[in-house]
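What follows is the residue order along each chain.
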Amino acid sequence: MRMIEQDQENDDSTEVTWEDQQKINSFSKLNTRMKGFEAKVDAAKQEKEALDDLSTELELADEDEPVLYKIGETYVHMSLPRALKRLEKDQTDLDVRLTKLSESAQQCETDMKQLKVALYAKFGSAINLDE
């Protein structure tokens, strides 16, 4: 923690109104939500990489032998064509989910920028909204 000099301390003690506190609270909630979306996006990207790797592996698989395909926490034996159809569906579902998460994160970021502008306009350097 850094101590500031007495002469650098802001003496203009701007009063925090109820509306200001609501904006600060909204910013905090959006920031938390944004971090959650970012974590989910990262997890979905890892899952997408795993599905892409699986797609490559299934291209090399023998059509006559059943393959193990993970559904939830369980591995199921299925024929190669059925596994490929299931993989295609899972990839499509994941792309849709990834798009929705990205859009939600983008909306949070836009709302946070608007709140930052309003709060910095009123409080200036007396408030810190950066990480």
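No experiment lies behind these values; they were computed from the predicted model shown.

### So, the overall build of the protein chain
Part 1: Within the protein chain one finds 2 helices and 2 strands.
Part 2: Beginning at the N terminus, the succession of helices and strands in the protein chain can be written as α-β-β-α.
Part 3: Here the protein chain holds 131 residues, and 22% of them are scored as buried.
Part 4: For the protein chain, contacts bridging at least 24 residues in sequence account for 62% of all contacts bridging at least 6.
Part 5: Per element, the accessible surface of the protein chain, about 10,200 Å² overall, is 49% carbon and sulfur.

### Remarks on the layout of surface pockets
Part 1: Here the largest pocket defines a volume of roughly 240 Å³.
Part 2: What lines the largest pocket is a set of 13 residues, among which Glu47, Leu51, Tyr69, Lys70 and Asp90 lie closest to the centre.
Part 3: Counting residues per element, the ones that place at least two in the lining of the largest pocket are helix H1 (18–60), strand E1 (67–71) and helix H2 (80–123).
Part 4: Split into classes, the residues belonging to the lining of the largest pocket amount to 6 nonpolar, 1 polar and 6 charged.

### Side note on the confidence of the model for the protein chain
Part 1: On average, residues of the protein chain carry a pLDDT of 89, and 89% of them reach 70 or more.
Part 2: Within the protein chain, the lowest mean pLDDT, 89, falls on E1, and the highest, 95, falls on H2.

The rules behind these values
Residues numbered from 1 in each chain as written. Predicted model: local features only at pLDDT ≥ 70, side-chain atom pairs only at ≥ 80, totals over all residues. Heavy atoms only, no water. Helix = DSSP H or I, 4+ residues; strand = E, 2+ residues; numbered from the N terminus. Buried < 20%, exposed > 50% of the residue type's maximum accessible area, 1.4 Å probe, protein only. Contact = heavy atoms within 4.5 Å. Areas by Shrake-Rupley, 256 points an atom, 1.4 Å probe, with all protein chains shown as cover. 1 Å grid on protein atoms, 1.4 Å probe; cavity = no way out; pocket = protein on both sides within 12 Å on 5 of 7 lines; lining within 4 Å. Points joined across faces, edges and corners; volume = space filled by probe spheres on them. Nonpolar A, V, L, I, M, F, W, Y, C, P; charged D, E, K, R; others polar. pLDDT = per-residue confidence, 0-100.

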